[in-house]
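# Examination of the molecular architecture
As a plain string of letters, each chain reads:
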Amino acid sequence: MESPHLEYTAELLRHFADLRDGTHGDAISRQDKERLFTAAVTLLDQHAGQSLGEINTDLLLDTGEVTATGVRRHRGGIEAVWALSWPEQRAAGISPIVIRAYYSAGAHHPHLQGGTTGDWPLNVFDDTQATAELPVLRAVASADLHNLVFQRDYRIIPAIVNGWTP
């Protein structure tokens, strides 16, 4: 049965229902929630890579490198990080563009965030929901890049330095 809600509002409803019900998807225990988180990271991997790859191609002129950590333990919780670094960013001494999925030790459920941006609920349980997350992943990566430009300036963007015009 199709949901009458838009994908992003459906995700928010899943998130808020989890808070109401004390669950994450069908999971109640931390162990089961971590299992669902690990599955979500696998489902999101190609989409996170795609969003960073698009920025690499269009703005960084294919000078960047996308990396992914996979799921790892972090400060008592678990996380997965996708990052896009490039020569100008490294030379400027600033962080790469980051998309981070995390389930912190004291949290009820997992979230997404950028290196310089806030949190977004991570309630992805199947391929359809993971595909619907692509606009969010693009927004997180774009906002992170925007904030990195503010940390230095536009010269960290190869497409602009090489004469791009509208």
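First things first, this report covers the structure right here in the doc. Note that this is a predicted model, so its numbers are computed, not measured.

## Focus: the overall build of the protein chain
When helices and strands are tallied, the protein chain shows six helices and six strands. The order of α-helices and β-strands along the protein chain, N terminus first, is α-α-β-β-β-α-β-β-β-α-α-α. In terms of overall size, the protein chain behaves like a compact globule, its C-alpha atoms giving a radius of gyration of 17 Å where 166 residues would be expected to give roughly 15 Å. Reported as C-alpha extents along the three principal axes, the dimensions of the protein chain are approximately 50 × 40 × 25 Å. Expressed as a percentage of its 166 residues, the buried residues of the protein chain come to 40%. Here the contacts in the protein chain between residues at least 6 apart in sequence split such that 59% fall between residues at least 24 apart. The average position of the 13 basic charges and that of the 21 acidic charges among the side chains of the protein chain differ by 8 Å.

## Concerning the pattern of salt bridges
Tallying each qualifying case throughout the model produces eight salt bridges. Among the ionic pairs, glutamate 34 bridges to arginine 30, the shortest N-O distance being 2.9 Å. In this pair, glutamate 34 and arginine 30 are both assigned in helix H2 (residues 30-58), four residues apart and thus about one turn of the helix distant. Of the residues examined, arginine 30 reaches a relative accessible area of 25% and is grouped as partly exposed. On the basis of relative accessible area, glutamate 34 is assigned to the buried category, the value being 14%. The network of salt bridges with shared partners includes Arg30, Glu34 and Arg73.

## Things to note about the side chain of glutamate 133
Note on placement: glutamate 133 falls in the loop between helix H4 (127-132) and helix H5 (134-151). There is no salt bridge for the buried glutamate 133, and the closest opposite charge comes from arginine 14, which lies 5.6 Å off by N-O distance. If we ignore the near neighbours within four places in the chain, the residues touching glutamate 133 are Glu11, Leu44, Leu112, Trp120, Pro121 and Val124.

## Topic: the nonpolar core
If you look at the biggest cluster of nonpolar residues, it comprises 31 residues, and the most contacted ones within it are Leu44, Trp82, Trp86, Ile97, Ile99 and Leu112. Going through the elements one at a time, H2, strand S3 (77-85), strand S4 (97-103) and H5 are the ones with two or more residues in this core. It is H2 that provides the largest number of residues to this core, a total of seven residues. Those residues within four positions of tryptophan 82 in sequence are excluded, and the remaining contacts are Val41, Leu44, Asp45, Ala48, Leu52, Thr67, Ala68, Ile97, Val98, Ile99 and Ala101.

## A closer look at the packing of aromatic side chains
The way to describe two aromatic rings as a pair is by their centre distance and the angle between their planes. In the structure shown here, the tally under the stated rule is zero aromatic pairs. The aromatic ring of tyrosine 102 is capped on one face by arginine 100, whose charged end is 4.3 Å from the ring centroid. The positively charged end of arginine 155 is found above the aromatic ring belonging to tyrosine 154, 5.6 Å away from the centroid.

## What to know about H2
Given a rise of 1.5 Å per residue, 29 residues ought to cover 42 Å, and the 40 Å separating the end C-alpha atoms of H2 matches this to within 8%. Taken as a whole, H2 carries its principal kink of about 45° at leucine 44.

Scoring rules and cut-offs
- Residues numbered from 1 in each chain as written.
- Predicted model: local features only at pLDDT ≥ 70, side-chain atom pairs only at ≥ 80, totals over all residues.
- Heavy atoms only, no water.
- Helix = DSSP H or I, 4+ residues; strand = E, 2+ residues; numbered from the N terminus.
- Rg over C-alpha atoms; globule rule 2.2 N^0.38 Å.
- Buried < 20%, exposed > 50% of the residue type's maximum accessible area, 1.4 Å probe, protein only.
- Contact = heavy atoms within 4.5 Å.
- Lys, Arg positive; Asp, Glu negative; His and termini not counted.
- Charge placed at Lys NZ, Arg CZ, Asp CG, Glu CD.
- Salt bridge = Lys/Arg side-chain N within 4 Å of Asp/Glu carboxyl O.
- Core = buried A, V, L, I, M, F, W, Y, C linked by side-chain atoms within 4.5 Å.
- Phe/Tyr/Trp six-rings, centres within 6.5 Å; stacked < 30°, edge-to-face > 60°.
- Lys NZ or Arg CZ within 6 Å of the ring centre and 35° of its normal.
- Expected span 1.5 Å × (residues − 1).
- Bend = angle between axes of the 7 residues up to and from the residue.

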